[in-house]
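Listed below are the residues making up each chain.
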Amino acid sequence: ISIIIFSLLADIAIFFFEGISTPSFEKIDTEENKKLYELQQKQRYNERKIREWKRRRDVKEAAGLDTTKEKAKVREWNKRNKELISSDPRLKRKSK
């Protein structure tokens, strides 16, 4: 069985011959992909909490109030995020 795919946007024809041609893409393990997605969502959550506590700290600093609690929370969330990132090599820390 051969499959021919024509592109409507350009004059390109892609030929695929079953048994002869090899697909140009890797098969994705959906279960593994789901696990990675969940880990990435945890990382994003941690990053949002870090930004939240930094905003709170900055507001209190600007008002001249005690920021001990906020600084501790920033450290706590940074530690959680660092531990999560180090637990799986596929996670990356995005720096500015």
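Residues numbered from 1 in each chain as written. Predicted model: local features only at pLDDT ≥ 70, side-chain atom pairs only at ≥ 80, totals over all residues. Heavy atoms only, no water.

## Side note on the side chain of Thr67
Then comes step 1: Position of Thr67 relative to the elements: it lies in the loop between helix H1 (30-63) and helix H2 (68-87).
Then comes step 2: For Thr67, a relative accessible area of 7% gives the class buried.
Then comes step 3: Here Thr67 is in contact with Arg57, Lys60 and Glu61, once residues within four sequence places are set aside. (Helix = DSSP H or I, 4+ residues; strand = E, 2+ residues; numbered from the N terminus. Buried < 20%, exposed > 50% of the residue type's maximum accessible area, 1.4 Å probe, protein only. Contact = heavy atoms within 4.5 Å.)

## Quick notes on H1
Along an α-helix, residues three or four apart share an orientation, since each turn contains 3.6 residues.
Then comes step 1: An ideal rise of 1.5 Å per residue puts 50 Å on 34 residues; H1 measures up with 49 Å between its terminal C-alpha atoms.
Then comes step 2: Those residues of H1 that are buried are in contact with H2.
Then comes step 3: Once H1 finishes, Gly64 follows within two positions and takes phi at roughly 80°, a positive value. (Expected span 1.5 Å × (residues − 1).)

## Examining the nonpolar core
Then comes step 1: Among the nonpolar cores identified, the biggest contains five residues, and these are Leu36, Leu39, Leu84, Ile85 and Leu91.
Then comes step 2: Only H1 and H2 provide two or more residues apiece to this core.
Then comes step 3: Sequence-distant contacts of Ile85, defined by excluding residues within four places in its chain, comprise Gln43, Leu91, Lys92 and Arg93. (Core = buried A, V, L, I, M, F, W, Y, C linked by side-chain atoms within 4.5 Å.)

## Re the packing of aromatic side chains
Aromatic rings in a pair are described by how distant their centres are and how their planes are angled relative to each other.
Then comes step 1: With the rule as written, the count across this model stands at one aromatic pair.
Then comes step 2: On the numbers, 5.7 Å between centres and 75° between planes, the contact of Tyr45 with Trp77 is edge-to-face. In this pair, Tyr45 sits in helix H1 while Trp77 sits in helix H2, placing the two residues 32 residues apart along the sequence.
Then comes step 3: Classification of Tyr45 by relative accessible area gives partly exposed; the value is 38%.
Then comes step 4: Look at Trp77 and you get buried, because its relative accessible area is 7%.
Then comes step 5: The positively charged end of Arg56 is found above the aromatic ring belonging to Trp53, 4.3 Å away from the centroid.
Then comes step 6: The ring of Trp77 has Arg80 lying over it, and the distance from NZ or CZ to the ring centre is 4.1 Å. (Phe/Tyr/Trp six-rings, centres within 6.5 Å; stacked < 30°, edge-to-face > 60°. Lys NZ or Arg CZ within 6 Å of the ring centre and 35° of its normal.)

## Focus: H2
Then comes step 1: Here H2 contains 20 residues, and its C-alpha end-to-end distance of 29 Å stays within 8% of the 28 Å for a straight helix at 1.5 Å per residue.
Then comes step 2: Every buried residue of H2 is accounted for by Glu70, Val74, Trp77, Asn81, Leu84 and Ile85. Along the long axis of H2, the arc covered by the buried residues comes to 95°, so they all point the same way. Exposed positions of H2 whose direction lies more than 90 degrees from the buried face are Lys69, Arg75, Lys79, Lys82, Ser86 and Ser87.
Then comes step 3: Where H2 is buried, its residues touch H1. (Arc of directions from axis to C-beta.)

## Quick notes on the side chain of Asn81
Then comes step 1: Along the polypeptide, Asn81 turns up in helix H2.
Then comes step 2: Here Asn81 is in contact with Gln43, Asn46, Glu47 and Ile50, once residues within four sequence places are set aside.

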